[in-house]
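One letter stands for each residue in the lines below.
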Amino acid sequence: MATVHLRIGDLVWGKLGRYPPWPGKVVSPPKDLKKPRGKKCHFVKFFGTEDHAWIKVEQLKPYHPHKEEMIKINKGKRFQQAVDAVEDFLKKKEKQGGKEQSSEGKGDSKGKKTPTKPLKILEEDDEDLSALKDPSEKDLTDSEPSSVERLGGLGTTGPVSGFKWESSPVQDDPHFHHFLLSQTEKPASSMEPISKRLKIVEEDTRSTSIQAADSTAINGSITPTDKRIGFLGLGLMGSGIVSNLLKMGHVVTVWNRTVEKCDLFIQEGARLGRTPAEVVSMCDITFSCVSDPKAARDLVLGPSGVLQGIRPGKCYVEMSTVDPETITELSQVISSRGGRFLEAPVAGSQQVSNEGMLVILAAGDRTVYEDCSSCFQAMGKTSFFLGEVGNAARMMLILNMVQGSFMATIAEGLTLAQATGQSQHTFLDILSQGQMASTFVDQKCQNILQGNFKPDYYLKHIQKDLRLAISMGDTANHPTPMAAAANEVYKRAKALDQSDNDMSAVYRAYIH
């Protein structure tokens, strides 16, 4: 096939290994990017993401001639968003009368300012990932490109036919964020393997990311670990997690205090464990996700508990939202038996869990975190590693404190609107057009207006998190007056028998 000659400004489809083509634009690389040897490539900015990458010329095709074919083949939500971004770009360019640099122009921009947004690029033959300046659409200078290895943010929607691309192996899964927070004041840029398919980078921002796509795209690219997985606790969050682990081909053994909850997962291919101890003894990595600190302790220390099944080398991952003291205690007892411990509470809700889009906060044994990589990909879109045991519990409580307080404030606003003769629907419409607009706000307000309080995150659990966060503040001698006020409202809602409803039922505390 004849090589297509591309220039700065051209729209293209870029292909990486087995991942599907993605729409992008050829731009100039940063001036401080070293030229690799022996590779003919172009530097591409990808639409719908903040990602740039070096792409071999054999992996690039012109955008317009292949547009219809690519749209028919790729159906992911994030892919469609990227195509929409291309169309928006073309419309703006047309309105501007072609002022935007295109393939007919030379792309000269002498004297223009280089933006300072961090840019992450991984080269094929390098073991380092550099934080570079983001090339602007209008800051284009001709420079000879180099080789590509990784791009974040592309949605995988299955094999692409009718397109002949040169095969190139991809070492990293580009659909999943992995963040490592350094414990040093100024971490150096370095890359460390998380698994055969993932790499972790520490940057000057103290974190690294590989862009996440929609859940379909993420799940389509996962290679499940060959380790045997155990899971204890099939509540709102645990059920979605186990379902996604099974969908992605993991071998999972489940246990739940109410054994009937296991039946559905047995039908989906899970194995049944009779006790927590049995699950741990049968599996290499065992996760648990239960309601509160007492349940987490009982699961480990109680009769036929986790501790009785722990042997040297066995991994235990505590995903429950509990206080740092409980996490430290569990870590110590697991480690005393030769086990390996990781805390990994998750931010999200039942719906987010079902969609495999949780945010995972991990801390503890770094090697366990690495061993859990395919599991975390199956259940979530983003993973943070926060260092020492207890850090994830602290961060999770802070996040839930903010969320719980925010939910109470929204409910207060809705009831105040009603009390002052304002339309609650109009209040929501205005809110959704402002800076506080979010899926969370929209869903919770709609629930309230419809009187639908089916639990997505139990009210009793968010109140528990507020209580633990306030206690954590007391330990640190740090004031938490907003959380304390919100906690009282949730306690009022619990007194009104709202414990097992969604957290948005805090609204009822204001109207009774």
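Because the structure is predicted, anything quoted here is derived from the model rather than measured. (Residues numbered from 1 in each chain as written. Predicted model: local features only at pLDDT ≥ 70, side-chain atom pairs only at ≥ 80, totals over all residues. Heavy atoms only, no water.)

1. Digging into the pattern of salt bridges
Evaluated as defined, the whole model comprises twelve salt bridges. As a salt-bridge pair, Asp-502 and Lys-444 come within 2.9 Å of each other at their nearest N and O atoms. Pair noted here: Asp-502 is in the loop between α17 (481–495) and α18 (508–511) and Lys-444 is in helix α15 (residues 439–450), with a separation of 58 residues, a long-range link. Of the two residues, Asp-502 and Lys-444, neither departs from the other in class, the shared state being buried. Each member of the salt-bridge network shares a partner with another, and the members are Arg-340, Asp-365 and Asp-371. (Salt bridge = Lys/Arg side-chain N within 4 Å of Asp/Glu carboxyl O. Helix = DSSP H or I, 4+ residues; strand = E, 2+ residues; numbered from the N terminus. Buried < 20%, exposed > 50% of the residue type's maximum accessible area, 1.4 Å probe, protein only.)

2. Describing the packing of aromatic side chains
Each aromatic ring pair is characterised by the separation of its centres together with the angle its planes make. Taken as a whole and judged by the stated rule, the model has ten aromatic pairs. For the pair Trp-13 and Tyr-63, a centre-to-centre distance of 5.1 Å together with 20° between the ring planes defines the contact as stacked. Placement of the pair is Trp-13 in strand β1 (residues 11–14) and Tyr-63 in helix α1 (residues 63–73), with a sequence separation of 50 residues. There is no split in this pair, since Trp-13 and Tyr-63 are both buried. (Phe/Tyr/Trp six-rings, centres within 6.5 Å; stacked < 30°, edge-to-face > 60°.)

3. Comments concerning the nonpolar core
If you look at the biggest cluster of nonpolar residues, it comprises 35 residues, and the most contacted ones within it are Phe-231, Leu-245, Phe-287, Val-317, Met-319, Phe-376 and Met-379. Secondary structure elements with two or more residues in this core: β11 (229–232), α4 (236–247), β12 (252–255), β14 (285–288), β15 (315–318), β18 (358–364), α11 (366–371) and α12 (373–379). Sort the elements by how many residues they give to this core and α4 lands first, with five residues. By size, the runner-up hydrophobic cluster in this structure holds 32 residues, among which are Ala-408, Leu-431, Val-441 and Phe-453. (Core = buried A, V, L, I, M, F, W, Y, C linked by side-chain atoms within 4.5 Å.)

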